[in-house]
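Here are the chains, one letter per residue:
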Amino acid sequence: MPTVLEALVSFFLLAGAGFALIGSIGLVRLPDFYTRLHSPTKATTLGVGGTLVASILYFSSPGHVSLHELLVTVFLFLTAPVSANMLAKAALQRRVRSLDVPGRPEVLDEGRQRGR
Amino acid sequence: MLSIVVPIALAMMGVAMALNLWRILVGPSAPDRIIGLDTLYTNTIALLVLIGILYGDSSYFESALLIALMGFFGTSALCKYILRGDIIE
């Protein structure tokens, strides 16, 4: 493999794996469920997309660009926001505790309490 | 260069998946565990891609695509279940 292509593949692999690791560290370390929702949907999706770009570069040869991995990337980019939306809806319905005042699930009972 | 970088990336993905497992075990609520499982699905896609690059065989993307599909269905089914109590009404 030519050195420039190998360096490019290595860069995308390290960047992708680094982003996925940062996303998972955020999933462990963030203090609240609604903040924890951000890190896998953005950082991990971006990290896996970077790894898939590296594999597109690795498995392409002159005259044939392998677009198989692009399918997985597009699917992931389409379904990660849908999953996050459903998870947030499920957490709101179950009154999962939020540390941030405007995000309190008690606002769902706004008919009962006034002046808050 | 790739023979050094691919094991490093594999080790990073392994640590990321262990952290996801921690969140599944420890998450104080059910949506926490579901999001740990969804992230585990996504990290498995990256792991399979890395193994495909390690072995030089491009047929591991079929299983990566399958896991992406089934992972999304699994997360949707779990969320629908804890939202409504029933998956198909």
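Residues numbered from 1 in each chain as written. Chains lettered and ligands numbered in written order. Predicted model: local features only at pLDDT ≥ 70, side-chain atom pairs only at ≥ 80, totals over all residues. Heavy atoms only, no water.

**Q** Just give me the short version of the interface of chain B and chain A, but keep the residues and values in it.
**A** If you look at the interface, chain B gives 47 residues, while chain A gives 45 residues. Taking both sides of the interface into account, the surface hidden between chain B and chain A amounts to around 4,000 Å²; carbon and sulfur atoms contribute 80%. In terms of surface lost to chain A, no three residues of chain B exceed L2(B), I35(B) and L83(B), which account for 15% of the buried area on that side. Applying the counting rule to chain B against chain A returns 1 salt bridge. Measuring nitrogen to oxygen at the nearest pair gives 2.4 Å for the salt bridge that ties R36(A) to D32(B). Sorting the residues of the side of chain B that touches chain A by element identifies α1 (2-26), α2 (30-55) and α3 (61-84) of chain B as the ones contributing at least two each. Considering every element that reaches the side of chain B that touches chain A, the biggest residue donor is α2(B), with 16 residues. Here the residues of the side of chain B that touches chain A are counted per class, giving 30 nonpolar, 11 polar and 6 charged. (Contact = heavy atoms within 4.5 Å. Buried area = accessible area lost by both parts, 1.4 Å probe. Salt bridge = Lys/Arg side-chain N within 4 Å of Asp/Glu carboxyl O. Helix = DSSP H or I, 4+ residues; strand = E, 2+ residues; numbered from the N terminus. Nonpolar A, V, L, I, M, F, W, Y, C, P; charged D, E, K, R; others polar.)

**Q** An account of the confidence of the model for chain A is needed here, citing residue identities and associated values.
**A** Confidence in the prediction for chain A averages 85 pLDDT; 85% of positions are at 70 or higher. At the level of individual helices and strands, chain A shows its lowest average pLDDT in helix α2 (residues 33-36) of chain A, which scores 90, and its highest in helix α1 (residues 3-29) of chain A, which scores 94. (pLDDT = per-residue confidence, 0-100.)

**Q** Can you lay out the environment of V82(A) for me, pointing to particular residues and giving the numbers?
**A** Note on placement: V82(A) falls in helix α4 (residues 68-93). It is 26 Å that separates the C-alpha atoms of V82(A) and F12(A), two residues lying 70 residues apart in sequence.

**Q** Please set out the packing of α1(A) against α1(B) residue by residue, giving values where relevant.
**A** Interaxial distance between α1(A) and α1(B) falls to 9 Å at its minimum, and their mutual angle equals 15°. It follows from the interaxial angle that α1(A) and α1(B) lie roughly parallel. Between α1(A) and α1(B) lies a crossing of left-handed hand. Among the residues making up the contact of α1(A) with α1(B), the classes are represented as 20 nonpolar, 4 polar and 2 charged. (Axes fitted to C-alpha atoms, helices over the stretch in contact; angles between N-to-C directions. Parallel < 35°, antiparallel > 145°, perpendicular 65-115°, else oblique. Left-handed = near helix turned anticlockwise from the far one by under 90°.)

**Q** Explain the side chain of S66(A) to me, using residue names and the numbers behind them.
**A** All names here are of chain A. Locating S66 in the fold gives a position in the loop between α3 (38-58) and α4. Judged by its relative accessible area of 10%, S66 falls in the buried class. A distance of 3.0 Å separates the side chain of S66 from the side chain of E69, its partner in a polar contact. Discounting chain neighbours no more than four positions away, the residues touching S66 are I56, F59 and S60. (Buried < 20%, exposed > 50% of the residue type's maximum accessible area, 1.4 Å probe, protein only. Polar contact = N/O pair within 3.5 Å; in protein donor to acceptor, adjacent residues only side chain to side chain.)

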